[in-house]
Amino acid sequence: MSKRNLYATLVGINNYRAVNKLNGCIQDILNIDDTLRKVCASQNDDLNYMPLYLLAPNENDHSIAEHEHNIQYSDPSFENITGIGFNHLAQAGEKDICLFYFSGHGSTITSPPEFRDYKGNPQNETLVCADSRTSGIRDILDIELAYLLSNALKGKPNVHCLVIMDCCHSADNTRAIEAAFDVMMVQNRQAPQSTSILEFKDCIGYNTDFFTLKDGKVSYKPARYVQLSACRDHEQSRDNPQGGLFSRKLVELLQNEGTALSYSNLMKSVAAAVSIANAAQNPVADATDPEDLNQPFLGGSMVPYRASFEVHFNRGTKQWELMAGLLNGITGPNNNQKTIIRIEGTNVKAEVYQANMKTSFLQGSDLDQLDPAQLYQAQIISLALKKKRIGVSQK
């Protein structure tokens, strides 16, 4: 059996030419890249990782050079994102996986007249490229992303496609800094509305059969994909040099036990973790086919990746302690749900009854089988999900 491929187009933009620069987008990409490598490595040698990096680091940012993997990248320009970015995804074949990850500015633009009734408002959302708004270069419209995805996936019904967006689009939406950082580091992951005036004929794909023009209005049928977004349209998406709040919590969960969860439950866990730092930010899960939200991360054929954490007996508190906590997306009992761990190499299971920021306390009769003088490794086998409302829309 031939190996499958994960084609990932990873876009991170800190160094904008015409709008305010950001701080955490490159780190977002490095974090998800590390996670994807681990996930692929856990697939029993069945999945090739095929990344394409479109990155714009700030001056004096050495994080890419210091990354443990040799990352070669191109400029995340309008031409490159819409060109090589989606051409890369178009290489996917039978049962392969596509991932488009964008970390940077979002914005809005006045819709071409043919689209003004399609979404019930006169604006389209956009992604701001590194060179957007310079020398006539514009943003990428959401309707163009729909076309580019559809074109890349055309005739490939068995390709699983995931889109992850850590940006925001509301006029007053800041990807604001968290309180632990200096106010001078506050960044805005939402650029001002674009002043470009576009006609339908200016849009990528306008002259293809993807769009249907009837009575002066355009409609289209999007490709089948799942999208995970940092927040709702009117909310804040936080940013700091460590990365976006949404991206960080997503990666933490994926590196724990999140790849075993459905997209729906994964986003509930992400939302719970995000709400600890910012109660006003609600991640959103979208799917062309709502049933796809019941699939696990990257699709149903994936072997779940499970990280392991140290467990030891804390002689000060006289309790068994797990070296992972709220910062790792781990929570205590909630609504009859429990976080359960299993000690590697044994049948010992225990429950997290108290989750602190970096550690958690365990309880359970099985722990009596362990030697308090020994160090153990444990995996999370189930996670208590904090009740959190998430947005789920049908495209």
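Just so you know, these numbers come straight off a predicted model, no measurement behind them.

**Here we look at the overall build of the chain**
When helices and strands are tallied, the chain shows 6 helices and 21 strands. For the chain, buried positions account for 56% of its 395 residues. Intrachain contacts of the chain at a sequence separation of at least 6 include 75% that bridge at least 24 residues. Put simply, the chain shows about 17,100 Å² of open surface, and 47% of that area lies on carbon and sulfur atoms.

**Here's the deal with the packing of helix H5 (residues 245-256) against helix H6 (residues 263-277)**
Two quantities define a packed helix pair, namely the angle between the helix axes and the distance between the axes. Closest axis-to-axis distance for the H5/H6 pair is 9 Å, and the angle between their directions is 130 degrees. Taken together, the axes of H5 and H6 lie oblique to each other. When the axes of H5 and H6 are compared, the crossing they make is right-handed. Contacts between H5 and H6 pair Leu 245, Phe 246, Lys 249, Leu 250, Leu 253 and Leu 254 from the former with Leu 266, Met 267, Ser 269, Val 270, Ala 273, Val 274 and Ala 277 from the latter.

**Considering the nonpolar core**
Side chains that are nonpolar tend, in soluble globular proteins, to be buried together. Among the nonpolar cores identified, the biggest contains 63 residues, and Leu 10, Leu 36 and Leu 322 are the most heavily contacted of them. The biggest single contributor to this core is helix H1 (residues 25-41), with 7 residues. If we ignore the near neighbours within four places in the chain, the residues touching Leu 36 are Leu 6, Ala 8, Leu 10, Tyr 49, Leu 99, Phe 297 and Leu 298. Core analysis: the next-biggest nonpolar cluster, separate from the first, contains 48 residues, Leu 127, Leu 153, Phe 200 and Phe 211 among them.

**Points about the sheet that holds strand E5 (residues 106-110)**
Spatially, 3 strands are ordered E5-E6-E7 in an open sheet, and the strand pairing comes out antiparallel. Since the sheet does not close on itself, it has two edges, and those belong to E5 and strand E7 (140-141), each with one partner. Here 2 bridges tie strand E6 (residues 123-127) to E7, and the two strands are oriented antiparallel to one another. Opposite Thr 126, over in E7, you have Leu 141 as the bridge partner.

**What to know about H5**
A rise of 1.5 Å per residue sets the reference length of H5, with its 12 residues, at 16 Å; its end C-alpha atoms lie 17 Å apart and thus fit the reference within 8%. Here H5 lies mainly inside the structure; 11 of its 12 residues are buried. Turning to H5, its buried residues number three or more, namely Leu 245, Phe 246, Ser 247, Arg 248, Lys 249, Leu 250, Val 251, Leu 253, Leu 254, Gln 255 and Asn 256.

**Examining the side chain of Thr 359**
Along the polypeptide, Thr 359 turns up in the loop between strand E18 (349-355) and strand E19 (360-363). By relative accessible area, which is 16% here, Thr 359 ends up buried. In this structure the side chain of Thr 359 is engaged in a polar contact, spanning 3.4 Å, whose partner is the side chain of Glu 321. Once residues lying within four places of it in the same chain are set aside, the contact partners of Thr 359 are Glu 321, Leu 322, Met 323, Ala 324, Gly 325 and Gln 354.

**Quick word on the environment of Leu 327**
Here Leu 327 shows up in the loop between strand E16 (319-322) and strand E17 (339-343). Residues Leu 327 and Lys 358, spaced 31 residues apart in sequence, show a C-alpha to C-alpha distance of 6.0 Å. Beyond its immediate chain neighbours, meaning those up to four positions away, Leu 327 contacts Lys 249, Glu 252, Met 357 and Lys 358.

**Overview of the pairing of E17**
Where burial is concerned, most of E17 is hidden: 4 out of the 5 residues are buried. Inspection of the sheet shows E17 paired to E18 by 4 bridges, in the antiparallel sense. By the bridge assignment, Thr 339 is partnered in E18 with Val 352. Counting the residues in the hairpin turn of E17 and E18 gives 5 residues, including Gly 345, whose phi is positive at 80 degrees. As judged from the 4 bridges shared by E17 and strand E20 (residues 376-382), these two strands associate in the antiparallel manner. Following the sheet pairing, Ile 340 is matched in E20 by Ser 382.

About the cut-offs
- Counting restarts for each chain, with residues numbered from 1 along the sequence as it is written.
- Restriction of local features to residues with pLDDT of at least 70 applies here, the model being predicted, together with a cutoff of 80 or more for giving and counting side-chain atom pairs; totals for whole chains, interfaces and linings are based on all residues.
- Computation of side-chain values covers all heavy atoms of the structure but excludes hydrogens and water.
- The helix count covers DSSP runs of H or I at least four residues long, the strand count covers runs of E at least two residues long, and both are numbered beginning at the N terminus.
- Between buried and exposed lies partly exposed: a residue is buried under 20% and exposed over 50% of the maximum accessible area for its type, with that area taken using a 1.4 Å probe on protein chains only.
- We call two residues contacting when some pair of their heavy atoms lies within 4.5 Å.
- Here the open area of atoms and residues is found with the Shrake-Rupley method and a 1.4 Å probe, where only the protein chains shown may cover a residue.
- Convention adopted: a line fitted to C-alpha atoms gives each axis, helices being fitted over their contacting stretch, and angles between N-to-C directions are expressed from 0 to 180 degrees.
- An angle below 35 degrees is treated as roughly parallel, one above 145 as roughly antiparallel, one from 65 to 115 as roughly perpendicular, and anything else as oblique.
- Should the near helix be turned anticlockwise from the far one by less than a right angle, the crossing is left-handed, and should it be turned clockwise, the crossing is right-handed.
- Here, nonpolar core refers to any group of buried Ala, Val, Leu, Ile, Met, Phe, Trp, Tyr and Cys residues whose side-chain atoms link them within 4.5 Å.
- A pair of strands counts as paired when DSSP detects no fewer than two bridges linking them.
- Helices are assigned an expected span. That span is 1.5 Å times one less than the residue count.
- Polar contacts, as used here, are pairs of N or O atoms within 3.5 Å; protein pairs need one atom able to donate a hydrogen and one able to accept it. Residues neighboring in sequence count only if both atoms are side-chain atoms.

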